[in-house]
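So the chains spell out like this:
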Amino acid sequence: MIRPIVKMPVLLSAPSVDATPLDAAVGQDLLDTLAAHARECVGLAANMIGVRKRIIVATCAGGAVLMYNPEIIEASGEYQTEESCLSLEGVRPCARYKRIKVAYLDASFAPREKSFSGFEAQIIQHEIDHCNGVVI
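A quick note: this is a predicted structure, and the numbers were derived from the prediction, not measured.

Asks: Outline the pattern of salt bridges, listing residues and values.
Replies: Summed over all chains, the structure comprises seven salt bridges. We note a salt bridge from D23 to K53, for which the minimum N-O separation is 3.3 Å. Here the residue D23 occupies a position in the loop between α1 (9-12) and α2 (24-36), and K53 occupies one in the loop between β1 (43-45) and β2 (55-60), the gap between them amounting to 30 residues. Residue D23 is classed as buried on the basis of its relative accessible area of 11%. A salt bridge links R96 to D129, with the nearest nitrogen and oxygen atoms 2.8 Å apart. In this pair, R96 sits in strand β4 (residues 88-105) while D129 sits in helix α3 (residues 118-131), placing the two residues 33 residues apart along the sequence. Across this residue pair, the class does not change: R96 and D129 are buried.

This is the structure we're talking about:
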């Protein structure tokens, strides 16, 4: 189901709680909502659709990647950049890493670890920030 995008920083700044298999429908809603906003958006976190759970989707090579309870476990190559957000107006400066390794649960709630670099890494870092209540 396509959900409306939350645009209130006060709601976006609350940290999310871990997802469980009972939250699988939220993961599908994120995928549907990302597809509906594909022209202007490359990633979403559950709090952006009004659900305070640690669930993200990111546009990567090969299609959208759904992650439950993502955690960055390695990061290198810090740099400064600017980002925009579907939930917020304008562009803001932020620090990101060129390469990250993420531990997460996949769509079947199986544990995974995967490395990302470049723009894919940047998208995932932005969405994990959302899970942590960080509003850039």
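Asks: Outline the environment of E74, supporting the account with residue identities and numerical values.
Replies: Structurally, E74 is set in strand β3 (residues 63-85). Distance in space between the C-alpha atoms of E74 and Y97 is 9.7 Å, their sequence separation being 23 residues. If we skip the residues at most four places from it in the chain, E74 touches R99, I100 and K101.

Asks: Go over the layout of surface pockets with me, naming the residues and quoting the values.
Replies: Here the largest pocket defines a volume of roughly 260 Å³. If you trace the largest pocket, you find 15 residues lining it, with V42, E83, S84, C85 and H126 closest to the centre. At five residues, the largest contribution of residues to the lining of the largest pocket is made by α3. Grouping the constituent residues of the lining of the largest pocket by class yields seven nonpolar, four polar and four charged.

Asks: Let's hear about unusual backbone geometry: which residues, and what values?
Replies: Here the phi dihedral of N69 falls at roughly 55°; this positive angle occurs in a residue that is not glycine. When you line up the elements, N69 lands in strand β3. Accessibility expressed as a relative area gives 14% for N69, which makes it buried. Its identity as a non-glycine residue notwithstanding, F109 has a phi of 65°, on the positive side. Along the chain, the position of F109 falls in the loop between β4 and β5 (111-117). With relative accessibility at 18%, the residue F109 sits in the buried group.

Asks: An account of the nonpolar core is needed here, citing residue identities and associated values.
Replies: L44, I55, M67, V102, F116 and I124 are the most contacted members of the largest nonpolar core, which totals 36 residues. Contributing elements (two or more residues each) for this core: α2, β1, β2, β3, β4 and α3. Leave out the neighbours within four places in its chain, and I124 touches I56, A58, C60, M67, I100, V102 and F116.

Asks: Give me the side chain of N47: which residues, what numbers.
Replies: Mapped onto the secondary structure, N47 falls in the loop between β1 and β2. A polar contact of 3.0 Å, which involves the side chain of N47, links it to the backbone oxygen of H130. Setting aside residues up to four positions removed in sequence, N47 forms contacts with V6, L12, A14, S16 and H130.

Asks: Run through the packing of aromatic side chains, naming residues and quoting values.
Replies: Throughout the structure, instances matching the rule amount to one aromatic pair. Summarising the aromatic geometry, the rings of Y68 and F109 are spaced 4.1 Å apart at their centres and angled 25° between planes, so their arrangement reads as stacked. Taken together, the positions of Y68 in strand β3 and F109 in the loop between β4 and β5 put the pair 41 residues apart, joining distant regions of the chain. Summarising the burial analysis for this pair, Y68 and F109 share the class buried.

So, how was this worked out
Residues numbered from 1 in each chain as written. Predicted model: local features only at pLDDT ≥ 70, side-chain atom pairs only at ≥ 80, totals over all residues. Heavy atoms only, no water. Salt bridge = Lys/Arg side-chain N within 4 Å of Asp/Glu carboxyl O. Helix = DSSP H or I, 4+ residues; strand = E, 2+ residues; numbered from the N terminus. Buried < 20%, exposed > 50% of the residue type's maximum accessible area, 1.4 Å probe, protein only. Contact = heavy atoms within 4.5 Å. 1 Å grid on protein atoms, 1.4 Å probe; cavity = no way out; pocket = protein on both sides within 12 Å on 5 of 7 lines; lining within 4 Å. Points joined across faces, edges and corners; volume = space filled by probe spheres on them. Nonpolar A, V, L, I, M, F, W, Y, C, P; charged D, E, K, R; others polar. Core = buried A, V, L, I, M, F, W, Y, C linked by side-chain atoms within 4.5 Å. Polar contact = N/O pair within 3.5 Å; in protein donor to acceptor, adjacent residues only side chain to side chain. Phe/Tyr/Trp six-rings, centres within 6.5 Å; stacked < 30°, edge-to-face > 60°.

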